[in-house]
Amino acid sequence: MRKSISLLMVALVMGAGVTGSVWAAEAKTEAKKEMPGQALAFSNKKGNCLACHAMPGTKAEMAGSIAPPLIAMKLRWPDRAKLRAQVWDATAANPQTSMPPMGKHEILSEEEIDQVVDFIYTL
Amino acid sequence: MKKIALALLGAGLMASAVAQAGPEDDRKQLIAHFKSKLPAVKYENYVYGALALDKDSKSQYDSIMEFPPFVGVIEGGKEMWEKPFKNGKTFASCFPNGGKNVAGNYPRFDASLNKVVTFEADINQCLKANGETEFKLSDVNTMGILTAYARTLSDGMKKNVKVEGAAAMAAYEDGKKFYFQRRGQLNFSCATCHVDNAGNRIRAEVLSPMLGQTTHWPVFRAGERLTTLQSRYKGCNSQVRAVPFEVGSDEFNNLEYFMSYQDNGLPLKASVFRK
């Protein structure tokens, strides 16, 4: 399980290298839309996803380097419920994960999780 | 980035392997872990923490340490250390060698008290034995300033913590358990940040490796905010939204004991700059 996750991450990251310029361009158009989910994802009092994940449209030095960048989410996570489950409790898929269990530990409310997932689905 | 994925995998193995070994095995494994994870860092440079991982920060550190803005505070600590008690004795009378090259032996396990004793606790014991009022362990304006000087008397000494006998071993194990225990709303262990993710950035901040973390206290954050090792523990507890333990608690003393053992062989350097 762990191995496959790590391999997935490697694949993702290598993919990110190739498509990097593309998603940077897309980010500019996306960033114009104000979304509550974005604020939740960026705020260090709330989701604080940026502490670990880079996202399109964020400056590299603002984001942490702990986790893979959140990109092409719709493509990679066609099943929205699965993506939501990852955000709700990352320890279910990977007990060793550094990612805080956003829903399980009530870091975000159910509604806030939906908003964050809506937002990262645009990435 | 590729390395991160591998390191995360390694970290999982690391945590489970460390969970079964004795202190010296733990220490060797930790060194081996960081050697493969952060190959550019020389062993003796672990005392610089996150600064060892970033050239610019390290050169900022070097220039600040030439004329540290906190020398005045350390001078104050020297006066406290040298000021005679009402009975005419001084702190130096309570420690071997007048307190020189002793800090590396701390924390020590005291078999008669059946618990871990920190340098700070022995300073308080000295005050008590001489009929003086003890300091509050968490008070940076007394204990903090005093140790900002007293620990400089051990600069260059190599950390040399001993774990001998079953009771000492139990305290060590307790500290180790604490280190790997996930806690707080954010569900982090100390190891999540300082073993698994050492060298990674959390937001803009580079996470220091666990190795070397006990060698250089107190620190002056931003060059002015005196912070002791155990008050840093409190800060890290709060960051994960856990209720922090108290400075001087058995929990923190055992944690310091476990962490200090891993630094055996690294040289001490007291009162340094941190960001």
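What you see is a predicted model, and the numbers here were worked out from it, not measured in a lab.

## Description of the pattern of salt bridges
Residues and elements named next belong to chain A. Within the structure shown, the criterion is met by 15 salt bridges over all chains. Between Asp89 and Lys104 there is a salt bridge, and its shortest N-O distance comes to 3.9 Å. Residue Asp89 is found in the loop between helix 4 (80-88) and helix 5 (110-120), and its partner Lys104 is found in the loop between helix 4 and helix 5; the two are separated by 15 residues along the sequence. Here Asp89 falls in the buried class, since its relative accessible area comes to 10%. Taken together, the shared-partner salt bridges in this structure form one network comprising Arg84, Glu110 and Asp114.

## Some remarks on the nonpolar core
If you look at the biggest cluster of nonpolar residues, it comprises 60 residues, and the most contacted ones within it are Phe34(B), Trp81(B), Phe91(B), Tyr179(B), Met210(B) and Tyr257(B). In this structure Phe91(B) touches Met80(B), Trp81(B), Phe85(B), Ile123(B), Cys126(B), Leu127(B), Phe135(B) and Leu146(B), once residues within four positions along its chain are discounted. Counting residues in each nonpolar core, the second largest holds 30 residues, with Leu50(A), Ala51(A), Ala63(A) and Val87(A) among its members.

## A short note on the state of the cysteines
All names here are of chain B. Here the structure, examined in full by the defined rule, presents one disulfide over all chains. A disulfide bridge connects Cys94 with Cys126, and the sulfur atoms are separated by 2.0 Å. With the S-S dihedral at roughly 70 degrees, the linkage between Cys94 and Cys126 falls on the right-handed side. In this pair, Cys94 is assigned in the loop between helix 4 (71-82) and strand 1 (108-110) and Cys126 in helix 5 (residues 119-129), connecting sequence segments 32 residues apart. Exposure remark for Cys94: the relative accessible area of 32% places this residue in the partly exposed category. Judged by relative accessible area, Cys126 falls into the buried class, the value being 3%. Of all cysteine sulfurs, the one in Cys236 lies closest to Cys190, which takes part in no disulfide; the gap is 7.6 Å. Residue classification places Cys190 among the buried residues on the basis of a relative accessible area of 18%. Cysteine Cys193 remains unbridged, with the sulfur of Cys236 as its closest cysteine sulfur at 7.5 Å.

## Describing the packing of aromatic side chains
Residues and elements named next belong to chain B. Evaluation of the coordinates by the stated rule reveals 18 aromatic pairs over all chains. Pairing Tyr179 with Phe180 gives two aromatic rings, centres 5.5 Å apart and planes at 75 degrees, and the pair type is edge-to-face. Residue classification places Tyr179 among the buried positions, given a relative accessible area of 1%. Pairwise contacts between aromatic rings join Trp81, Phe85, Phe91, Phe95, Tyr106 and Phe119 into one cluster. Note that Lys58 overlies the ring of Tyr48, its terminal NZ or CZ placed 4.4 Å from the centroid. When the ring centre of Phe178 is taken as reference, the NZ or CZ atom of Arg183 above it lies at 3.7 Å.

## Notes on the sheet that holds strand 5 (residues 219-221) of chain B
Note: strands within a sheet are paired through backbone hydrogen bonds, in either parallel or antiparallel orientation. All names here are of chain B. Across the sheet, which stays open at both edges, the three strands sit in the order 6-5-7 with mixed pairing between neighbours. The open sheet has two edge strands, strand 6 (225-227) and strand 7 (272-274), and neither has a second partner. With direction set aside, neighbouring strand axes in the sheet form an average angle of 35 degrees. As judged from the three bridges shared by strand 5 and strand 7, these two strands associate in the parallel manner. Looking at the pairing, Arg221 lines up with Arg274 of strand 7.

Thresholds applied
Residues numbered from 1 in each chain as written. Chains lettered and ligands numbered in written order. Predicted model: local features only at pLDDT ≥ 70, side-chain atom pairs only at ≥ 80, totals over all residues. Heavy atoms only, no water. Salt bridge = Lys/Arg side-chain N within 4 Å of Asp/Glu carboxyl O. Helix = DSSP H or I, 4+ residues; strand = E, 2+ residues; numbered from the N terminus. Buried < 20%, exposed > 50% of the residue type's maximum accessible area, 1.4 Å probe, protein only. Core = buried A, V, L, I, M, F, W, Y, C linked by side-chain atoms within 4.5 Å. Contact = heavy atoms within 4.5 Å. Disulfide = S-S within 2.5 Å. Phe/Tyr/Trp six-rings, centres within 6.5 Å; stacked < 30°, edge-to-face > 60°. Lys NZ or Arg CZ within 6 Å of the ring centre and 35° of its normal. Pairing = 2+ DSSP bridges. Axes fitted to C-alpha atoms, helices over the stretch in contact; angles between N-to-C directions.

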